[in-house]
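# Reading the structure
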Amino acid sequence: MALGAQVDTRADLAAIALRAVRIASAQPRLAVGVALSATEPCLVSGSVTITGNLARDGTLATNDTLAVTFNDCRDPGTVTSGATTILVAGGRLSLAPASYPQRVVLSSVSTNLSTHTLADGRIVTTNGDMVIDVTETSAFTGTVNLLGSVLSRTFSGSVVPSRTVQLKNYRINQVVGDTSTETSITAVVESNNADVDAAGVSYQVTTPTRLVTDAVNIRSGVMKITGNNSALLLSVVSPNNFNLQVDANGDGTYESSRFITQSALNLLL
């Protein structure tokens, strides 16, 4: 909620980039190192068009490039459109077959990359830059670092009123295990969310204690939000239940607190 953006990389921008990489690396070519151009159907309808250069079949290596366009790409539950470019800034990712451990660093720039969630009508449109640093220790475990200078996300559709959230100088680290994910966050957030302040807001988000989540629950951790001479401290007291403390004047003392649930917080999105 504090970021105004989905943090779970399995269903977000990093996953979109990695999906494009895997599609591209699976394409058969007549010769190694030649330009790639392919259009793949999505699971329900629409397609993904990928152009670029890969040095080796089945492997993503430094200086490989991809340009990805989603053409009303409909998967179960979502429709994606827009474009992103990807440069392999370092490392190597072997896909055919996979070899662990392995690390790859992707530098991406998104332009009007839009994801429409059909269940609730929400549309999230992304513009900006992201470095995606992935270390895989197995097919299901590893570490993901997401960082960049400015990532702008506009929420529309079922969201009333529409709003834009910018992450500046952001860094999100996730350690993905077999059954849980640990997340730490540092970011400056700017938003024109009229539900908070019609004039716009700016605040700093940190995680003094890493957030631990599983497939459905926020299990533990602490998030701190520091604004204009004020602060909020959100501590997990039990799965999906939180203690929210308020420092109204920024003196380091939390004058008040209240119990709040995840479902109550979700209503503020």
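Since we're looking at a predicted model, the values are computed, not measured.

Cut-offs applied
Going along each chain's sequence as written, the residues are numbered from 1 onward. pLDDT decides what is reported in this predicted model: residues at 70 or higher carry local features, side-chain atom pairs at 80 or more are listed and counted, and totals for whole chains, interfaces and linings draw on all residues regardless. Side-chain measures here rest on the full set of heavy atoms in the structure, leaving out hydrogens and waters. Here, a salt bridge means any side-chain nitrogen of Lys or Arg that lies within 4 Å of a carboxyl oxygen of Asp or Glu. Exposed residues in this analysis have more than 50% of their type's maximum accessible area, buried residues have under 20%, and partly exposed residues fall in between, with area computed by a 1.4 Å probe over protein chains only. Take the buried Ala, Val, Leu, Ile, Met, Phe, Trp, Tyr and Cys residues and link them wherever side-chain atoms come within 4.5 Å; each set so joined is a nonpolar core. Each helix is a run of H or I in the DSSP string that is no shorter than four residues. Each strand is a run of E no shorter than two, and both are numbered from the N terminus. Residue contacts follow a heavy-atom distance rule, with two residues in contact if any of their heavy atoms lie within 4.5 Å. Two strands are counted as paired when DSSP detects at least two bridges linking them. When two cysteine sulfur atoms lie within 2.5 Å, the pair is treated as a disulfide.

Considering all chains together, one arrives at 4 salt bridges under this definition. For Arg 219, the salt bridge goes to Asp 214, with nearest N and O atoms at 4.0 Å. Residue classification places Arg 219 among the partly exposed positions, given a relative accessible area of 37%.

This part takes up the nonpolar core. If you look at the biggest cluster of nonpolar residues, it comprises 38 residues, and the most contacted ones within it are Val 48, Leu 60, Leu 66, Val 68, Val 104, Leu 106 and Val 205. If you look at the next biggest cluster of nonpolar residues, it comprises 6 residues, including Leu 234, Phe 242, Leu 244 and Leu 265.

The residue Asn 145 is located in strand β8 (residues 142-157) in this model. With residues near it in sequence (within four places) discarded, Asn 145 still touches Val 131, Ile 132, Asp 133, Arg 171, Ile 172 and Asn 173.

Bridge count for strand β12 (residues 218-226) against strand β13 (residues 231-238) is 5 bridges, and the pairing is antiparallel. Residue pairing for β13: Ile 225 is matched across the bridge by Leu 232. Between β12 and β13, which pair antiparallel in sequence order, lie 4 residues; one of them, Asn 229, sits at a positive phi of approximately 55 degrees. Pairing between β13 and strand β14 (residues 241-247): 7 bridges, direction antiparallel. Residue pairing for β14: Val 236 is matched across the bridge by Phe 242. The hairpin turn running from β13 into β14, its antiparallel successor, is 2 residues long, and Asn 240 in that turn takes a positive phi close to 65 degrees.

This model, assessed by the stated rule, comprises 1 disulfide. Between the sulfur atoms of Cys 42 and its disulfide mate Cys 73 the distance is 2.0 Å. When the S-S torsion is -120 degrees, as for the bridge of Cys 42 with Cys 73, the disulfide is left-handed. Remark: Cys 73 occurs in strand β4 (residues 65-75) and Cys 42 occurs in the loop between β1 (35-41) and β2 (45-53); sequence separation between them is 31 residues. Taken individually, Cys 42 and Cys 73 each receive the classification buried, so the pair is uniform in this respect.

So yeah, pure geometry; function would need other evidence.
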